[in-house]
Amino acid sequence: MRLGTYNILTMGTKAKKAHRARYEAAKGASENEIKLPQKRFYRQRAHANPFSDHHLLYPSSPDQMDWSTHYPDYLDTEETTLSFTRPRQLRKDVDIVDIGCGFGGLTVALAPKLPDSLILGLEIRAQVAAYVTDRIRALRAQNPGGLYQNAACLRANTMRFLPNFFRKAQLSKIFICFPDPHFKARKHKARIVSTTLNSEYAFVLKPGGIVYTITDVEDLHLWMVQHLEAHPLFERVSKEDEAADECVEIMSTETEESKKVSRNKGNKYIALFRRLENPPW
C-alpha cells in the first residue's frame, strides 16, 4: 500500500470543520504572505490510546512506503526502473526519528542543524500531525532554497507499526521527548519504553546509533533508564559524551514541553543510550 500526504477523506466531522477553518484563514491572507499555522485551529486531546484502532494507514513493508510526497526534493532523479508496484525512491533514507513529536518543535529545530539527514516526526494524534505537516510546509515556503526540505511528519502508531516503516539498521537517532508518563501501574504497558519496544528500537537502529530520552518525571526517567540498561544491545552514553552532543541542547530547549518545564522551573532528566554491535553467533 502506498502512503502519501494526509487525506481529508479519513478525517472525522470535527477534523473536517477544523480543516475548513484553516483553509478560510489561509484564504484571507494576502497571496504574498505565508503564515505559520495557528494551534487554535488544531484542537486535539492531550493523549491518545495507543491500543485503540485509529484507522491508520501503514505499508506492508518498508519497501512499500512512498516517501516522495514527504521529501520531494530528495527524489532520485537518476532512477531508471520505475514500477507501478514500487514507490519512487529517494536519494537517501530517513535516518532520524522523533517519536511522539507533538507540535514539531524538535523536528523543526533539528532540520537546519542536521541538513544532511532526513528527519521524521511520528505523531499518533490526527490534528497534531496535520499541524506539524502544515508547519513544515509553511517553513519550506518561507525559506526557499532547501531549508526544511529534510523534515516531515507522519501520523503513525510507533508502538504497533515501527518496523513497517523502517528497515533493519536504518536509523541513526531516535528521540523520545517528554512521553506520556502513564502514572498508574495498570497503564505502564502503554509506556513508549519497555522491554519489547526496546528490541524494536534496536532492530531499526544501526550499531552506534543513539536513543535520546528526556522527561520531567523522575519516576519515568528511572523506568526508561532501567529498561534500556537491562537490554543487551544498549549501553548508556557517558555524561561527557552526552554534554558534547549538540542534539541534547536542542532537545532540552526547543520542544514545546521543554519550554513549558523551563517556564515552570522544573527538572529535566536526560539519558542517552548507544546501540551496540550485534554479538557473535
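Counting from 1, residues in each chain are numbered in the order their sequence is written. Residue-level local features of this predicted model are given only where pLDDT is at least 70; pairs of side-chain atoms are given and counted only at 80 or more, and the full residue set underlies all totals for whole chains, interfaces and linings. Processing note: side-chain calculations cover all non-hydrogen atoms of the structure and skip hydrogens and water entirely.

Student: Run through the overall build of the protein chain, naming residues and quoting values.
Tutor: Of the regular secondary structure elements, the protein chain holds nine helices and seven strands. Burial classification: accessible surface area is computed with a 1.4 Å probe over protein chains only, and a residue below 20% of its type maximum counts as buried, one above 50% as exposed, and the rest as partly exposed. Buried positions account for 49% of the 281 residues belonging to the protein chain. By definition in these notes, contact holds between two residues if any of their heavy atoms fall within 4.5 Å. A separation of at least 24 residues holds for 78% of the contacts in the protein chain among residues at least 6 apart in sequence. To be clear on the numbers: accessible area is Shrake-Rupley with a 1.4 Å probe, and residue cover counts the displayed protein chains and nothing else. Of the accessible surface of the protein chain, which amounts to about 15,200 Å², a share of 51% is contributed by carbon and sulfur atoms. Each helix is a run of DSSP H or I of at least 4 residues and each strand a run of E of at least 2, with the numbering of both proceeding from the N terminus.

Student: Outline the nonpolar core, supporting the account with residue identities and numerical values.
Tutor: Among the buried residues, those of types Ala, Val, Leu, Ile, Met, Phe, Trp, Tyr and Cys that are joined through side-chain atoms within 4.5 Å form a nonpolar core. By size, the foremost hydrophobic cluster in this structure holds 42 residues, and its most contacted members are Trp67, Tyr71, Leu120, Phe166, Ile174 and Tyr201. In terms of residue count, the dominant contributor to this core is helix H6 (residues 218-229) (five residues). With residues up to four places along the chain from it excluded, the contact list for leucine 120 reads Trp67, Tyr71, Val94, Ile96, Val97, Asp98, Ala152, Cys153, Leu154 and Phe166.

Student: Describe unusual backbone geometry, with residues and values.
Tutor: Its identity as a non-glycine residue notwithstanding, phenylalanine 178 has a phi of 50 degrees, on the positive side. Note that phenylalanine 178 resides in the loop between strand E4 (171-177) and helix H5 (195-204). A positive phi angle is found at lysine 265, which is not glycine, with a value near 55 degrees. You can see lysine 265 is positioned in the loop between helix H9 (256-263) and strand E7 (269-275). We classify lysine 265 as exposed; its relative accessible area is 74%.

Student: Just give me the short version of the pairing of strand E2 (residues 118-123), but keep the residues and values in it.
Tutor: Counting buried positions along E2 gives six out of six residues, so the element sits mostly inside the fold. Here strand E1 (residues 94-99) runs beside E2; their pairing, made up of five bridges, is parallel. Note that in E2 the partner of isoleucine 99 across the bridge is leucine 122. Orient the strands so they point away from the viewer, and a crossover whose first-strand-to-second-strand path over the helix runs clockwise is right-handed. In terms of handedness, the path from E1 via helix H2 (residues 105-113) over to E2 forms a crossover that is right-handed. Two strands are said to pair when DSSP picks up at least two bridges between them. Direction of pairing for E2 relative to strand E3 (residues 151-155): parallel, over a ladder of five bridges. Across the sheet, isoleucine 119 pairs through a bridge with alanine 151, a residue of E3. Taking the sense of rotation as the criterion, the β-α-β connection linking E2, helix H3 (residues 126-142) and E3 turns out right-handed.

Student: Let's hear about the environment of glutamate 246: which residues, and what values?
Tutor: For glutamate 246, the location among the structural elements is in helix H8 (residues 246-253). For glutamate 246, a relative accessible area of 45% corresponds to the partly exposed category. Once the C-alpha coordinates of glutamate 246 and leucine 110 are considered, the two residues, 136 residues apart in sequence, prove to be 9.9 Å apart. Beyond its immediate chain neighbours, meaning those up to four positions away, glutamate 246 contacts Lys113 and Leu114.

Student: Could you give an account of H3, with specific residues and numbers?
Tutor: With 17 residues, H3 extends 24 Å between its outermost C-alpha atoms, agreeing within 8% with the 24 Å of an ideal straight helix rising 1.5 Å per residue. For H3, the buried fraction is high: twelve of the 17 residues fall into the buried class. Among the residues of H3, Ala126, Gln127, Val128, Ala129, Ala130, Tyr131, Val132, Arg135, Ile136, Ala138, Leu139 and Arg140 are the ones counted as buried. Between the first and last residue of a helix there are one fewer steps than residues, each counted as 1.5 Å, and that sum is the expected span.

Student: Kindly report on the sheet that holds E2, identifying the contributing residues and their values.
Tutor: Strands sit in the order E3-E2-E1-E4-E5-E7-E6 across an open sheet of seven strands; the sheet is mixed. Among the strands making up the open sheet, the edge pair consists of E3 and strand E6 (234-236). Here the strands of the sheet are splayed against their neighbours by 20 degrees on average, with no regard to which way each runs. Think of each axis as a best-fit line through the C-alpha atoms, taken over the contacting stretch in the case of a helix, with angles from 0 to 180 degrees between the N-to-C directions. Relative to strand E5 (residues 205-215), H5 is tilted by about 135 degrees, and along the sheet it contacts E1, E4, E5, E6 and E7. Sheet strands touched by H8: E4, E5 and E7. Its angle to E5, the strand with the most contacts, is close to 30 degrees.

Student: Go over the packing of helix H4 (residues 158-165) against H5, please, and point to the residues and values.
Tutor: The contact between H4 and H5 brings their axes to 10 Å, and the two run at 20 degrees. On the basis of the axis angle, H4 is roughly parallel to H5. Crossing geometry of H4 relative to H5 is assigned as left-handed. Within the contact between the two elements, H4 uses Thr158, Met159, Leu162 and Pro163 and H5 uses Leu197, Glu200, Tyr201 and Val204. When its residues are assigned to classes, the contact of H4 with H5 shows six nonpolar, one polar and one charged. An angle below 35 degrees is treated as roughly parallel, one above 145 as roughly antiparallel, one from 65 to 115 as roughly perpendicular, and anything else as oblique. A crossing counts as left-handed when the near helix is turned anticlockwise from the far one by less than a right angle, and as right-handed when that turn is clockwise. Polarity classes work like this: nonpolar for Ala, Val, Leu, Ile, Met, Phe, Trp, Tyr, Cys and Pro, charged for Asp, Glu, Lys and Arg, and polar for all others, with Gly in that last group.

Student: Give a description of the UniProt feature "active site" (unreviewed entry) in the protein chain that names residues and reports values.
Tutor: Residues annotated by UniProt as "active site" (unreviewed entry) correspond here to Asp180. Tracing the backbone through its elements, the reader meets aspartate 180 in the loop between E4 and H5. Here the side chain of aspartate 180 touches histidine 182 through a polar contact of 3.1 Å, landing on its backbone nitrogen. UniProt positions are given in the numbering used here, feature names are shortened, and annotations may be inferred rather than shown by experiment. Under this definition, polar contacts are N or O atom pairs within 3.5 Å; protein pairs additionally need one hydrogen-donor-capable and one acceptor-capable atom, and for neighbouring residues in sequence, both atoms have to be side-chain atoms.

Student: How would you sum up the packing of aromatic side chains? Please name residues and give values.
Tutor: Two rings belonging to Phe, Tyr or Trp (six-membered ring only in the last case) form a pair when the distance between their centres is within 6.5 Å. Interplanar angles under 30 degrees mark stacking, angles over 60 mark edge-to-face geometry, and anything in between is tilted. Scanning the model with the defined rule gives six aromatic pairs in all. Taken together, a centroid distance of 3.9 Å and an interplanar angle of 15 degrees make the contact between tyrosine 58 and phenylalanine 161 stacked. Linking tyrosine 58 in the loop between helix H1 (13-28) and E1 with phenylalanine 161 in helix H4, this pair joins segments that are 103 residues apart in sequence. Ring plane angle 80 degrees and centroid distance 5.2 Å describe the contact between phenylalanine 103 and tyrosine 131, whose orientation is recorded as edge-to-face. With phenylalanine 103 in the loop between E1 and H2 and tyrosine 131 in helix H3, this pair connects stretches of sequence that are 28 residues apart. Owing to a relative accessible area of 7%, tyrosine 131 belongs among the buried residues under this scheme. Each residue in the set Trp67, Tyr71, Phe165 and Phe166 is aromatic and connected to the rest through ring pairs, giving one cluster. Here, over-ring charges are defined by two tests on the NZ atom of lysine or the CZ atom of arginine: distance to the ring centre within 6 Å, and angle to the ring normal within 35 degrees. If you follow arginine 191 out to its NZ or CZ, it ends over the ring of tryptophan 223, 4.8 Å from the centre.

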